[in-house]
Amino acid sequence: MLAYLAYALIIMHIALGSLQSEMDPLLVLAVSASLGLVFSLHIISICKLQNKKIIASSWASDGYAFVCKVSEIPENRARIIELLGERVAVFSYNNQISAVSNVCKHQNGPLGEGRIIDGCITCPWHGFQYRPEDGQSPPPFKEKIATFKVRIEDDKVYVNPKALPEGTYVEAAKIPTR
């Protein structure tokens, strides 16, 4: 994330440098509008993320957290939740459900906003991929993310809030057919 700060500082250095040598009102307006737009987009993004966040509030006696109903997770997509401060993406695919860390190893992209393509969770930011059952990138890549145990009871999805070590295989919960 510090790369973004460095990028912003470089842009500010260039913009303010150009404003020192030339005080054209149009240039001042363009720089101000650009800064306002970028700041506003970040605030909007944070607000949308907060609205999407589901904090598990219903817990089973064995420590699993109720996430949602099976039907509330679109096919090849995810439901993003927060479990004990950890962002988790719960994916539905091929009539089964898996849960992984919502944070891509590349640049902390939101994996839960991506989708499953060719059997892999695909990060919407840069296309990094992870297998939903073990959180590992397909060969020859080596990135790994944490996985979570999942179960389905009475059309309800439950996730164990304890993350397993990165790259750990977890049997996907099978969605019962009706």
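Above this text you will find the structure in question.
One structure accompanies this document, and this report is about it. The shown structure was predicted, so the numbers you read here are calculated from the model rather than taken from an experiment.

With 6 of its 6 residues buried, strand S5 (residues 96-101) lies for the most part within the structure. Where strand S4 (residues 86-93) meets S5, 6 bridges bridge the pair, whose relative direction is antiparallel. Looking across to S5, one finds that Val90 is bridged to Ala99. From the end of S4 to the start of S5, which pair antiparallel, there are 2 residues, and Asn94 there has a positive phi angle of about 45°. Inspection of the sheet shows S5 paired to strand S12 (residues 173-174) by 2 bridges, in the antiparallel sense. Bridged to Ile97 within S12 is Ala173. One ladder, built from 2 bridges, connects S5 with strand S9 (residues 147-148); its direction is antiparallel. In the sheet register, Ala99 faces S9, and the bridge partner there is Phe148.

What follows concerns the sheet that holds strand S11 (residues 156-159). In space, the 3 strands of this open sheet follow the order S2-S11-S10, with antiparallel pairing throughout. Where the open sheet ends on each side, the last strands, each with one partner, are strand S2 (65-69) and strand S10 (150-153). Averaged over all pairs of adjacent strands, the angle between strand axes in this sheet comes to 30°, irrespective of strand direction. The pairing of S2 with S11 spans 4 bridges and is classified as antiparallel. Paired with Lys69 across the two strands is Lys156, which belongs to S11.

Analysis parameters
- Residues numbered from 1 in each chain as written.
- Predicted model: local features only at pLDDT ≥ 70, side-chain atom pairs only at ≥ 80, totals over all residues.
- Heavy atoms only, no water.
- Buried < 20%, exposed > 50% of the residue type's maximum accessible area, 1.4 Å probe, protein only.
- Helix = DSSP H or I, 4+ residues; strand = E, 2+ residues; numbered from the N terminus.
- Pairing = 2+ DSSP bridges.
- Axes fitted to C-alpha atoms, helices over the stretch in contact; angles between N-to-C directions.

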